[in-house]
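# Observations on the model geometry
What follows is the residue order along each chain.
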Amino acid sequence: MKRILASVTDGKGFDIGLVVLPLAFLFVMSGLPLVYNVVMSFQEVDMFSLGSFLRPFVGFKNYVDLFSQPETRPILFNTALFVSASIAGQFLIGFGLALFFWVNFPGASWLRGLFLVSWVMPGLVVGAIWNWILSGDFGVLNFLLRETGVIDGNIFWRSDPNYSLWAVIIANIWLGTSFNMILLSVGLSGIPKDLYEAAELDGANALQRFWTITLPMMRSTIGAIIALGLIFTLQQFDLFAAITSGGPNNTSNVTQYWAWDLSFRQYDFAKGATISVIMIVFVMFASVVYVRSTRHEVRG
Amino acid sequence: MGIRRSAILGALALASVSLSAFSASAEDVTISVWSLDRDIQPAPNLIKDFNKLNTGIKVEYRQIQFDDVVSEAMRAYSTGQAPDIIAVDNPEHALFSSRGAFLDLTDMIAKSTVVKPENYFPGPLASVTWDGKYYGIPKATNTIALYYNKDMFKAKGLDPNKPPQTWDELVEAARKLTDPAANVYGITFSAKANEEGTFQFLPWAQMAGGSYDNINAEGAVKALDIWKKIIDEKLASPDTLTRSQWDSTGTFNSGNAAMAISGPWELDRMIEEAKFDWGVALLPVPEVGAERSSAMGDFNWAIFANTEHPAEAFKVLEYFVSQDNRMFKDFGQLPARSDISIPPTGEPLKDAALNVFVEQLKHAKPRGPHPAWPKISKAIQDAIQAALTGQMSSKEALDQAAEKIKAVQG
């Protein structure tokens, strides 16, 4: 006993405690629900057995049922498209803006702060605003496109199956761009200025400096942003609820919205959990890729 | 001295014990009520009035959010913390009654002098019925009908006192009223991918001989074809597929649609916003003389089966029912009863509209009742949207829905 106490005061036991406590916390707060979720996907769950843990075990039935539903494949495809298009859009525009504000003209930091407005707005508010902007008959976006001659007739962004998913993607890019911009700005300001001076002396032009200095120096920032972007877009729910409700006919439905719909609107908790498990696998795969890419960075 | 003092103390102690025991036996029975009613709506006000009566029953109220009603109730019930009384949306009633979560009120209602099944409209009553027994009492009700802009009817040479009676007349009128140059659609309604879409479509299917367990009936296919025609010819905005009923009717109020299918919950807003003469007509039927049908909305009261005070809880419900004649006057909601006449509001447009809605209510049918209603509803929503966006024909879409519904019914 004394030895244990001593080890705590000495430091080694203290160190172990520092590791064990947060691990225990993590396990209870996110590990257990995760395990519970996986278990639920193998059970027959109904709203009245929701309170008990002992429920009939059905093996892979939920998975088989899920994949035999006609809407499953399109929804998985929508999710992949939503995630990749959103991340690409947020990142490219965010990077562009970060480079623009890096130039440091008068008022640059003030303007950059204004961009954060989109980030502090709740998703449902953003959704409601974009709902009006994207409205087919009276929407501002259609008005702008029509006046500039890009389109002849109105595009029904929310209701046309060809555009409905893009309607949410556009709103989501707007929502996430400022976050990307801020993180990338931080990354940019971390690059030593003398690197550029040296390159300039050697005769490298702007594009060459960007390719050979900016991008490589930003690798870990970019990796982190894309990993975070993946998580944020996979949990984006409010915009779907506010703009399209996953319609028309599931053309803008994605797994996260579908999981909610199955669990809390159709009360099919087992299937909702099953979709969540599929999403967990997806996120884990992505995070392995992310961890591997940053490990390479550390060894560098 | 010492002995006497302790004797007095002892007597006092005894007295206080017996006093507190006495007051405990006279303590009120507490009944908890959950509903989504806000402070200007019936539940909290009726409860306040009831508590003033000092009947020995004390009612506690908790407001829950619309989206949380069912999941909160389920969680509470499965962990034994359910309230005594709850208000649930009518298509979700069967879910609870079929599993024995709600108390069977049949015998209590039979003995009651206040709650009489024959006083209710058949639709709301059917929604609280499961297996021939009553598992609740309708709280309020509503339905949908056709609003139309009389000024636009006149301007386009249509008789403002002869609103369309049949589907063909409706489409014909919509064609005449549609005016893209003026940003006016002939009609507006909601085919949204949630319960609202089902709520609006099901009456059409039912009028033509379809039903939720026969959703691919010939008449239902025809109904969906008519909807498709309306969307394809741009007689209604393509955004009908993503717009709620509230937003759709907003375009009617602003003069961007000549007709609207919606419910009495719009009346107050319409009187405030609509700067034109309007009227309400019964939902058009497939052909003259066809059976009428309509949607039915709003909530029901129920008592949870694991309540410790079923008799007292029922007394509270009886009190609510006894106040049904205040439902419209004080709270603007339609009582689910045919024996209560709606008092005139002094607003001629509103009074005329209410008469139509009360007439339409006689034909209102519940959604289901079926324990797995949300899944059935989802199948119907998907079918509507698949057909309207041209991804499938009406027949294919409804056949697929019928298959899904069959699977749900098991």
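Residues numbered from 1 in each chain as written. Chains lettered and ligands numbered in written order. Predicted model: local features only at pLDDT ≥ 70, side-chain atom pairs only at ≥ 80, totals over all residues. Heavy atoms only, no water.

The condition that has to hold: UniProt positions are given in the numbering used here, feature names are shortened, and annotations may be inferred rather than shown by experiment.
Where an unreviewed UniProt entry is consulted, chain B appears under the name Sugar ABC transporter substrate-binding protein, with the organism given as Sinorhizobium numidicum. Under the UniProt heading Sequence similarities (unreviewed entry), the note attached to chain B is "Belongs to the bacterial solute-binding protein 1 family."

If you look chain A up in an unreviewed UniProt entry, it shows as Sugar ABC transporter permease from Sinorhizobium numidicum. Turning to chain A, the UniProt annotation filed under Subcellular location (unreviewed entry) states: "Cell membrane". The Sequence similarities (unreviewed entry) comment attached to chain A in UniProt states, word for word, "Belongs to the binding-protein-dependent transport system permease family."

## Here we look at the UniProt feature "domain: ABC transmembrane type-1" (unreviewed entry) in chain A
This is how the line gets drawn: The numbering of helices and of strands both runs from the N terminus, where a helix is a DSSP run of H or I of at least 4 residues and a strand a run of E of at least 2.
Taken from the UniProt record, the annotation "domain: ABC transmembrane type-1" (unreviewed entry) applies to residues 76-290 of chain A. When the span residues 76-290 of chain A is considered, its composition is 74% helix and 0% strand, and the gap between its end C-alpha atoms is 22 Å.

## Here we look at the sheet that holds strand 1 (residues 29-35) of chain B
To summarise the sheet geometry, strands pair through backbone hydrogen bonds and adopt either a parallel or an antiparallel arrangement. All names here are of chain B. This is how the line gets drawn: Two strands are counted as paired when DSSP detects at least two bridges linking them. In this description, contact between two residues means that some pair of their heavy atoms is separated by no more than 4.5 Å. Axis geometry follows a simple rule: fit a line to the C-alpha atoms, using only the stretch in contact for helices, then measure angles between N-to-C directions, giving values from 0 to 180 degrees.
Spatially, 2-1-3-11-6 is the arrangement adopted by the five strands of the open sheet, whose pairing is mixed. Single-partner strands in this sheet number two, and they are strand 2 (57-63) and strand 6 (137-138). With two bridges joining them, strand 1 and strand 3 (residues 85-89) adopt parallel strand pairing. Residue pairing for strand 3: Val33 is matched across the bridge by Ile85. Each of strand 1, strand 2 and strand 11 (299-303) is contacted by helix 2 (residues 42-52), which is oriented at about 160 degrees to strand 2, the strand it contacts most. On the sheet, helix 13 (residues 310-322) packs against strand 1, strand 2, strand 3, strand 6 and strand 11 and is oriented at approximately 155 degrees with respect to strand 11.

## Overview of the nonpolar core
All names here are of chain B. Convention followed: The set of buried Ala, Val, Leu, Ile, Met, Phe, Trp, Tyr and Cys residues whose side-chain atoms join them within 4.5 Å is what this entry labels a nonpolar core. Three labels apply to residues, based on accessible area from a 1.4 Å probe with only protein chains included: buried if under 20% of the type maximum, exposed if over 50%, partly exposed otherwise in between.
Residues Ile187, Ile215 and Met259 are the most contacted members of the largest nonpolar core, which totals 56 residues. When contributions to this core are tallied by element, the ones reaching two or more residues are strand 7 (145-149), helix 7 (150-155), helix 8 (167-177), helix 9 (195-207), helix 10 (218-232), strand 9 (257-262), helix 16 (373-388) and helix 17 (394-409). The element contributing the most residues to this core is helix 16, with nine residues. Discounting chain neighbours no more than four positions away, the residues touching Ile187 are Leu146, Leu170, Ala174, Ile230, Leu235, Ala236, Ala257, Met259 and Ile261. Residues Val33, Phe50, Phe320 and Ala336 belong to the second largest nonpolar core, which totals 34 residues.

## Digging into the layout of surface pockets
The following threshold applies: The method works on a 1 Å grid over the protein atoms by themselves. A cavity is a set of points holding a 1.4 Å probe that cannot get out, a pocket is an open set with protein on both sides within 12 Å along at least five of seven lines, and residues with an atom within 4 Å of a point line them. Grid points are joined across faces, edges and corners, and a volume is the space filled by probe spheres set on the points. Each residue is assigned to one class: nonpolar for Ala, Val, Leu, Ile, Met, Phe, Trp, Tyr, Cys and Pro, charged for Asp, Glu, Lys and Arg, and polar for all the others, Gly among them.
Each pocket or cavity is described by its volume, and for the second largest pocket that value is around 1,100 Å³. Those elements that provide at least two residues to the lining of the second largest pocket are helix 3 (61-68), helix 14 (255-265) and helix 15 (269-299) of chain A together with helix 16 and helix 17 of chain B. Partitioning the lining of the second largest pocket into residue classes produces 16 nonpolar, eight polar and 13 charged.

## Details of helix 9 of chain B
Side chains that are three or four residues apart share a direction in an α-helix, a result of its 3.6 residues per turn. Residues and elements named next belong to chain B. How we decide: Any helix carries an expected span of 1.5 Å times its number of residues minus one. The bend at a residue is defined as the angle formed between two axes, one fitted to the seven residues ending at that residue and one fitted to the seven starting there. Any N or O atom pair separated by 3.5 Å or less is treated as a polar contact, with the protein-specific requirement of one donor-capable and one acceptor-capable atom, and with residues adjacent in sequence counted only for side-chain atom pairs.
For helix 9, which comprises 13 residues, the first-to-last C-alpha distance of 19 Å matches the rise-based estimate of 18 Å (1.5 Å per residue) to within 8%. Bending of helix 9 peaks at approximately 30 degrees at the position of Phe201, with proline Pro203 no more than four residues after it. Among the 13 residues that make up helix 9, 11 are buried, leaving the element largely enclosed by the rest of the structure. All buried positions along helix 9 are accounted for by Gly197, Thr198, Phe199, Gln200, Phe201, Leu202, Pro203, Trp204, Ala205, Gln206 and Met207. Lining the buried residues of helix 9 we find helix 8, helix 10, helix 11 (245-253), strand 9 and helix 16. A distance of 2.9 Å separates the backbone nitrogen of Glu196 from a side-chain oxygen at the start of helix 9, and that oxygen is part of Asn194.

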